[in-house]
Amino acid sequence: AILSAIELTNSEAVHPGYGFLSENFNFAKILEDNKIKFIGPSSNLIKMMGDKIQAKKIARENGLPVIEGSEGGIVDKKEAKDLCKKIGYPILIKASGGGGGKGMKIVNDESEFDNLFATAKSEAQKYFGNDEVYIEKFFQNPRHIEVQVLSGKNRTVHLHERDCSVQRRHQKLIEETPSPVLNDAIRKDLFEKTVNMVTKIGYEGAGTVEFIYQDGKFYFLEMNTRVQVEHPVSEMVTGIDIIKEQIWIAHTGETALKQSDINPRGHAIECRINAEDPSKNFQPSPGTISMCHQPSGFRTRVDGSIYQGYKITPYYDSMVCKLICHGRNRTEAIQRMNRSLDEFVIEGVTTTIPLHKKLLNHKKFIESDFNVSWLDKEKIV
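Keep in mind that what you see is a predicted model, and the values were worked out from it rather than measured. (Residues numbered from 1 in each chain as written. Predicted model: local features only at pLDDT ≥ 70, side-chain atom pairs only at ≥ 80, totals over all residues. Heavy atoms only, no water.)

> Please clarify how the sheet that holds strand β5 (residues 133-137) should be interpreted in this entry.
Either a parallel or an antiparallel arrangement is found when strands of a sheet pair, and the pairing is made through backbone hydrogen bonds. Taking strand neighbours across the sheet as the criterion, the 3 strands line up as β4-β3-β5 in an open arrangement whose pairing is antiparallel. The two strands at the open ends of the sheet, each matched to only one other strand, are β4 (105-107) and β5. Adjacent strand axes in the sheet meet at a mean angle of 25 degrees, parallel and antiparallel pairs treated alike. Looking at chain direction, strand β3 (residues 91-95) and β5 are connected through 5 bridges and run antiparallel. Bridging across to β5, K94 finds its partner in Y134. Running over the sheet, helix α6 (residues 113-128) touches β3, β4 and β5 and is turned about 165 degrees from β4. (Pairing = 2+ DSSP bridges. Helix = DSSP H or I, 4+ residues; strand = E, 2+ residues; numbered from the N terminus. Axes fitted to C-alpha atoms, helices over the stretch in contact; angles between N-to-C directions. Contact = heavy atoms within 4.5 Å.)

> What is the right way to read the pattern of salt bridges from this model?
When their charged atoms lie close together, side chains carrying opposite charge are able to pair. Scanning the entire structure with this criterion turns up 34 salt bridges. With its nearest N and O atoms 2.8 Å apart, the salt bridge here joins K188 to E192. Linking K188 with E192, this pair stays in helix α7 (residues 184-200), spanning 4 residues, or about one helical turn. Of the residues examined, K188 reaches a relative accessible area of 53% and is grouped as exposed. The partner of E367 in a salt bridge is K363, and the shortest N-O contact between them spans 3.2 Å. Accessibility expressed as a relative area gives 57% for K363, which makes it exposed. Residues joined in a network through salt bridges with shared partners are E146, R162, K172, E175, E210, E230 and R272. (Salt bridge = Lys/Arg side-chain N within 4 Å of Asp/Glu carboxyl O. Buried < 20%, exposed > 50% of the residue type's maximum accessible area, 1.4 Å probe, protein only.)

> Explanation requested: the packing of aromatic side chains in the structure shown.
Aromatic ring pairs: the centre-centre distance and the angle between the two ring planes describe each pair. Scanning all chains against the criterion turns up 10 aromatic pairs. Look at F365 and F370: their rings are 5.6 Å apart centre to centre, the planes differ by 10 degrees, and that puts the pair in the stacked class. Among the aromatic side chains, those forming a connected cluster through ring pairs are F211, F218 and F220. Above the plane of the ring of F282 lies R168, whose end atom (NZ or CZ) is 3.9 Å from the centre. Across the ring face of F365, the terminal group of R330 is positioned such that the distance to the ring centre comes to 4.6 Å. (Phe/Tyr/Trp six-rings, centres within 6.5 Å; stacked < 30°, edge-to-face > 60°. Lys NZ or Arg CZ within 6 Å of the ring centre and 35° of its normal.)

> Please clarify how helix α2 (residues 25-33) should be interpreted in this entry.
Helical periodicity: at 3.6 residues per turn, an α-helix aligns residues three or four positions apart in one direction. Of the positions making up α2, those classed as buried are F27, A28 and L31. Considered in projection along α2, the buried side chains sweep an arc of 100 degrees and stay on one side of the axis. Those residues of α2 hidden inside the fold are in contact with α1 (2-9), β1 (13-14), β2 (37-38) and α3 (43-50). The backbone nitrogen of N26 has a side-chain oxygen 3.0 Å away, supplied by the residue at the start of α2, namely N24. Positive backbone phi, at 60 degrees, marks K35, one or two positions downstream of α2. (Arc of directions from axis to C-beta. Polar contact = N/O pair within 3.5 Å; in protein donor to acceptor, adjacent residues only side chain to side chain.)

> Would you explain the packing of helix α5 (residues 77-87) against α6 in this entry?
Where α5 meets α6, the closest approach of the two axes is 11 Å, and the angle between their N-to-C directions is 120 degrees. Put simply, α5 runs oblique to α6. Between α5 and α6 lies a crossing of right-handed hand. Listed contacts from α6 to K77, A80, K81 and C84 of α5 are F113, D114 and F117. Of the residues belonging to the contact of α5 with α6, the class tally is 4 nonpolar, no polar and 3 charged. (Parallel < 35°, antiparallel > 145°, perpendicular 65-115°, else oblique. Left-handed = near helix turned anticlockwise from the far one by under 90°. Nonpolar A, V, L, I, M, F, W, Y, C, P; charged D, E, K, R; others polar.)

> Just to check I follow, could you spell out the sheet that holds strand β8 (residues 171-177) for this structure?
Strand order across the open sheet formed by 8 strands is β10-β9-β6-β7-β8-β11-β18-β16, with antiparallel pairing between neighbours. What marks the edges here is a single partner per strand, and that holds for β10 (217-224) and β16 (300-304). Here the average twist between neighbouring strands, direction ignored, is 25 degrees. For strand β11 (residues 267-274) and strand β18 (residues 319-327), the ladder comprises 8 bridges, and the chain directions are antiparallel.

> Help me understand the nonpolar core, please; the structure alone is not making it clear to me.
Nonpolar side chains in soluble globular proteins generally cluster together in the buried interior. Counting residues in hydrophobic clusters, the biggest one holds 32 residues, and the most contacted among them are V166, I174 and I273. Sequence-distant contacts of I273, defined by excluding residues within four places in its chain, comprise S318, M319, V320, C321, L341, F344, I346, T351, T352, I353 and H356. Core analysis: the next-biggest nonpolar cluster, separate from the first, contains 25 residues, A55, L64, L190 and F211 among them. (Core = buried A, V, L, I, M, F, W, Y, C linked by side-chain atoms within 4.5 Å.)

> Could you clarify how one ought to interpret the side chain of R272 in this entry?
Mapped onto the fold, R272 is located in strand β11. Judged by relative accessible area, R272 falls into the buried class, the value being 11%. Here the side chain of R272 touches E230 through a polar contact of 2.9 Å, side chain to side chain. Beyond its immediate stretch of four places on either side in the chain, R272 contacts K172, L173, E175, V229, E230, M319, C321, T352 and H356.

In structure tokens, the structure reads:
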């Protein structure tokens, strides 16, 4: 259908957004074969970095620290158990071909292994058509830090980091930049190693290299070969239109930016507004929006396409829009986000707006005393 639309409109390129086909190497290959520009990296690079095991190997070979675990995919249960004993519980079973928490299981001790290993393989097959899994040491209280990059044939630049540690079941809820827990020395090391790897693999386009961070050390997690849902926080602090740069790189093969062009100012926070009911275990809340009033004003941005009368279906991800606020510092960004959440009215469906208000005003969030396990362990709703 997309190829037909391209032919009918005489289009030269396709921008895949951040979902559906954005990391589908088969789609990118079809476009390449038909001489249509895919606004993103090559199909080969999408395939290479989309395979979590291969991506981990590439990261290690190019100087990034990686998490202790299996060197490749594991099918044999005995081999998996032996590895778990070697690295020590708790461990994490992950799907080789996917992400987003699907096919991911935390195993606290050997008694849980058999059941969770089978479940992880079954989910991996269901969601990604590939039941291969791999095993990593599980970190109990890490932060989730990621580095935004733009890369062309001429150079790779970074747009600093984002902290995405407010999560529920491995799904991000709030993202911010800069991270409140990193110092300048750690940032410098993180950026240099990330840019080095991205340059060496010959990456072209926008991408994000994700890490877990604990006890002053960071470890490679994965690379997303697309623009991220949370890219607006980087745009707010740098003043750089990442989508425009993506298109420019696709058009010319080079990035127009130099690292000296990128000078972040202030602090930005993004809240993902989902049509879910937090009081009912985040059950999806499809339906028709009967009233919609969106916040506006200085350094306030809403990304989405909802309106009064808009029908939210149960067939896709429950995120309906994103609210992004920028301040001179983190305190001001939180204040502006609180005001904007108070101003945001969505009726007819249940949303996570009330939850975000609770999170933004929680002592642990204000003091940045949280990690990726915070919401799963602490009763907020």
